[in-house]
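Letter by letter, the chains look like this.
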Amino acid sequence: MIPEKVRRGLGAAALCGVLAGWVVSPVRAELRIEINQGQLNPVPVALTPLAGSGAEAERLGRDIIRVVEADLQHCGLFRPVPEASFIQKMNGFATAPRFSDWRMIDAQALTQGIIQIKGSSIRVDFRLFDVFAGRHIDGLSLTADKTHWRKLAHMMANAVYCRLTGESRGYFDSRVFYVSRTGFGKKQVTRLAVMDYDGENHHFLTQGQHLVLMPSVSPEGRELAFLAFVKHKPRVYLMRTDTGQTRVLGDFKGMTLAPAWSPDGRKILLSYARHGRSAIYEMDPASLEKRPLTDGRFIDTSPCYSPDQSRICFESDRSGTQQIYIMRADGTDPRRITFSKGSYATPVWSPREDWIAFTKILNGTFYIGVIRPDGKGERLLAQGYLVEGPTWAPGGRRVMYFRQDGKNHVLCSIDITGHYEKRHITPADALHPAWTP
Amino acid sequence: MNNTYKLMSAAAMVLLAACGTSKQQDGSAVTDGSAPAPGTVEDFNVNAGDRVFFEFDKHVLTADAQRTLDHQAAWLMTYPAVTVVVEGHCDARGTEKYNLVLGEKRADAVKDYLTALGIAADRIQTVSYGKSRLEDQGTTEEAHTKNRRAVSVVTIQAQ
């Protein structure tokens, strides 16, 4: 009756003050959303209010459910059922679900839970049910400081998302670093900014004294590599995201650009430009040791490691047009993988290793697409006058990029099936997103 | 080498012809107020021309661009204390990373041309802004043409 409690190591989440314990039911999920083929009908989910005693608990409980609803709606795979249509009123775990009532309003999944406040911390326990099978699928207990209630809500949404889709990682607790831009011409100001994926907890990391571009965030989110123009010298800099402490990365005579962290956080790839050509270099950010991986006879840029760090994808104009290549991590055996019409740029390897996302330009139109690392299965996901610079969501199911909308630039993301494009709200023009791994 | 000198003197003559009518030989203030004072940033921008334009995805200097650079070189010869930053720019129809390198190609093409005309390389710095500092935000071909440019920004050293 009482399910076995299992603690899961949730590294980054625990660091941010949210502790989670899975309550695993012996019953395997029968409600499983197949998303490989593209899900056109979102699954209706009923998220019932968290039961709590006291006004503060009730208010926080409502706020948390609202965030979970927004998260599940964002990915496009779920449709929260409006509370007004609920037939059964739930009161925490004291009420057993009457599945017939939930079937009547077409809810396919159901959550039920409680919230408790103890001093400055909150605890949420909730259960997930498969309505049609009439079964308890899963349960989870989450504890966090009150100030991290949004994070707790995102973890709850991740749990529902993962359990129902079979994905191993949700993206709702992620953050996005990007370049914020205001003004034009001499009044243009660019600043590095960071926000939760849903636009909350937004703040600026630089104050706009220098032109900044192309942030790349380290795996734990502690350091940011980016391009800054200081005294007419564009160079890659490294900044600690907590203290803002900044240093130039390496000693190069010319422009360095396109930084990309390795998945283990020990190396940074970048391209080093001299006389209108650029070579790909691997840097050790601690020792500043550098190693050229391509010879610098062409425009080789936009490098990105494979998740296991054995290979690197990059773009090069060595064939005469920009195309995507893959080489071994030591720079040997470069092979071109794009052969269709148009030019291909800014390849980024999915954290699941299965796809490489890119920007494509064909007949004056920009596209965001994905291709298999062996060059097969190219699919275009988004298009426009300007869509550029894909970055993967944690879990590798979603791609974010920036889109020019009139004179403004906005951040958008899309499911890899090409459905559910969503705009991410930012306070000003937004370019060059970097989704936290 | 010989050709370079010929080009140089021709450029200087063109420049003198262009400026002769609007400037006082003794350097006193121009009464009509329409012409910039010689040796100023405005003088360079107006009388030499501060920018050259490129074709799509190209860094080759067109005949028009070369004429402008001839004027720039002659002006820089006349004012040897002036230093210049050549900014390479691109239109919005390429990706940011590629355009940064293309912009550098354009700035380098200008620097190479100016140094071939005898301007000391250490007076010229280059920088590429790619497409991050557009001149025109429009989406027309006219806007793209304006954006594909290299701009020579001169700094007059304080005496």
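Please refer to the structure placed before this passage.
Residues numbered from 1 in each chain as written. Chains lettered and ligands numbered in written order. Predicted model: local features only at pLDDT ≥ 70, side-chain atom pairs only at ≥ 80, totals over all residues. Heavy atoms only, no water.

**As for the overall build of chain A**
Counting its secondary structure elements, chain A contains 4 helices and 31 strands. The globule rule puts the C-alpha radius of gyration for 437 residues at 22 Å, and the 23 Å found for chain A is close to it. C-alpha extents for chain A along the principal axes are approximately 70 × 45 × 40 Å. Burial analysis of chain A (437 residues in total) assigns 57% to the buried set. Sequence-distant contacts in chain A: of pairs separated by 6 or more residues, those separated by 24 or more amount to 45%. (Helix = DSSP H or I, 4+ residues; strand = E, 2+ residues; numbered from the N terminus. Rg over C-alpha atoms; globule rule 2.2 N^0.38 Å. Buried < 20%, exposed > 50% of the residue type's maximum accessible area, 1.4 Å probe, protein only. Contact = heavy atoms within 4.5 Å.)

**Section: the pattern of salt bridges**
The full count for this structure, using the stated rule, is 32 salt bridges over all chains. With a shortest N-O distance of 3.1 Å, R150 of chain A and D198 of chain A are connected by a salt bridge. One end of the pair, R150 of chain A, is in helix α4 (residues 149–165); the other, D198 of chain A, is in the loop between β9 (189–196) and β10 (203–204), and 48 residues separate them in sequence. Between E141 of chain B and R148 of chain B there is a salt bridge whose closest N-O contact spans 3.2 Å. Among the charged side chains, a network of salt bridges with common partners joins E167, R352, D354, R397 and D415 of chain A. (Salt bridge = Lys/Arg side-chain N within 4 Å of Asp/Glu carboxyl O.)

**Re the environment of G250 of chain A**
Residues and elements named next belong to chain A. In this structure, G250 sits in the loop between β14 (246–248) and β15 (256–261). With a relative accessible area of 14%, G250 lands in the buried category. With 33 residues separating them in the primary sequence, G250 and M283 have C-alpha atoms 7.8 Å apart. Setting aside residues up to four positions removed in sequence, G250 forms contacts with M283 and L288.

**What about the interface of chain A and chain B?**
Note on interface size: it is often stated as the accessible area lost on association of the parts. Tallying the contact residues gives 38 residues for chain A and 29 residues for chain B. Taken over both partners, the interface formed by chain A and chain B buries close to 2800 Å², and the fraction arising from carbon and sulfur atoms is 60%. The largest contributions to the chain A side of the interface with chain B come from F184, H232 and Y385 of chain A, which together make up 23% of the buried area. Remark: the boundary between chain A and chain B carries 1 salt bridge. Between K131 of chain B and E388 of chain A there is a salt bridge; the shortest N-O distance is 2.5 Å. (Buried area = accessible area lost by both parts, 1.4 Å probe.)

**Remarks on the side chain of Q112 of chain A**
All names here are of chain A. Counting through the fold element by element, Q112 comes out in strand β5 (residues 109–118). Overall, the relative accessible area of 2% leaves Q112 in the buried class. A polar atom in the side chain of Q112 sits 2.9 Å from the backbone oxygen of G92. With residues up to four places along the chain from it excluded, the contact list for Q112 reads T48, M90, G92, F93, T95, P97, D125, F126, R127 and F129. (Polar contact = N/O pair within 3.5 Å; in protein donor to acceptor, adjacent residues only side chain to side chain.)

**A closer look at unusual backbone geometry**
At S302 of chain A, a position not held by glycine, the phi torsion is positive, near 55°. By secondary structure assignment, the location of S302 of chain A is in strand β19 (residues 300–305).

**A closer look at the sheet that holds strand β13 (residues 233–240) of chain A**
Within the open sheet, the 4 strands sit side by side as β11-β12-β13-β14 (chain A). Their pairing is antiparallel. Because the sheet does not close on itself, it has two edges, and the strands there are β11 (211–217) and β14 of chain A. For this sheet, the mean inter-axis angle between neighbouring strands, taken without regard to orientation, is 30°. Contacts between helix α4 (residues 96–116) of chain B and the sheet are confined to β11 and β12 (223–230) of chain A, with β11 of chain A contributing the most and set at about 135° to the helix. (Pairing = 2+ DSSP bridges. Axes fitted to C-alpha atoms, helices over the stretch in contact; angles between N-to-C directions.)

**Examining the packing of aromatic side chains**
Residue and element names in this part refer to chain A. In total, this model carries 17 aromatic pairs over all chains according to the counting rule given. Aromatic side chains Y161 and F172 sit 5.4 Å apart centroid to centroid with 80° between the ring planes, which places their arrangement in the edge-to-face category. One end of the pair, Y161, is in helix α4; the other, F172, is in the loop between α4 and β8 (175–182), and 11 residues separate them in sequence. Accessibility expressed as a relative area gives 2% for Y161, which makes it buried. Consider the rings of Y171 and Y197, whose centres lie 5.3 Å apart with planes at 90°: the pair is edge-to-face. One end of the pair, Y171, is in the loop between α4 and β8; the other, Y197, is in the loop between β9 and β10, with 26 residues separating them in the sequence. Both residues of the pair, Y171 and Y197, belong to the buried class. Taken together, the ring pairs in this structure connect Y161, Y171, F172, Y197 and W435 into an aromatic cluster. Across from the ring centre of F204, 3.7 Å away, lies the NZ or CZ of R191, which sits over that ring. (Phe/Tyr/Trp six-rings, centres within 6.5 Å; stacked < 30°, edge-to-face > 60°. Lys NZ or Arg CZ within 6 Å of the ring centre and 35° of its normal.)

**Examining the side chain of S278 of chain A**
Relative to the helices and strands, S278 of chain A resides in strand β17 (residues 277–283). Within the structure, the side chain of S278 of chain A is placed 2.7 Å from the backbone oxygen of D300 of chain A, a separation counted as a polar contact. Residues in contact with S278 of chain A, not counting those within four places in the same chain, are S271, Y272, A273, G296, F298, I299, D300 and T301 of chain A together with V101 of chain B.

**Side note on the pairing of β13 of chain A**
Residues and elements named next belong to chain A. Counting buried residues in β13 gives 6 out of 8 residues, a clear majority hidden from the surface. In this sheet, β13 lies alongside β12 in antiparallel orientation, the contact comprising 8 bridges. Paired with E223 across the strands is R240, a residue of β13. Here β12 folds back onto β13, and the loop between the two strands holds 2 residues, one of which, K231, carries a positive phi near 50°. Sheet topology note: the β13/β14 ladder contains 3 bridges and is antiparallel. Paired with Y237 across the strands is V248, a residue of β14.

**Structural notes on helix α3 (residues 63–78) of chain B**
With 16 residues, α3 of chain B ought to run about 22 Å at 1.5 Å a step, and its terminal C-alpha atoms sit 23 Å apart, in line with that. Within the sequence span of α3 of chain B, burial applies to A65, T68, L69, D70, H71, Q72, A73, A74, W75 and L76 of chain B. (Expected span 1.5 Å × (residues − 1).)

**What about the environment of R335 of chain A?**
Residue and element names in this part refer to chain A. Secondary-structure assignment places R335 in strand β22 (residues 335–336). Exposure remark for R335: the relative accessible area of 55% places this residue in the exposed category. Remark: the alpha-carbon pair of R335 and E200, spanning 135 residues in sequence, is separated by 41 Å. At a separation of 3.2 Å, a polar atom in the side chain of R335 contacts the side chain of D333.

**Observations concerning the nonpolar core**
The biggest cluster of nonpolar side chains holds 78 residues, and the ones touching the most others in it are I64, F78 and M156 of chain A. Among the elements that make up this core, the one with the highest residue count is α4 of chain A (11 residues). (Core = buried A, V, L, I, M, F, W, Y, C linked by side-chain atoms within 4.5 Å.)

**A look at the sheet that holds strand β31 (residues 429–435) of chain A**
Residues and elements named next belong to chain A. Spatial strand order, β10-β9-β8-β31: 4 strands in an open sheet with antiparallel pairing. The outermost strands of the open sheet, each flanked by one partner alone, are β10 and β31. Sheet topology places β8 next to β31; 5 bridges connect them, and they run antiparallel. By the bridge assignment, V176 is partnered in β31 with W435.

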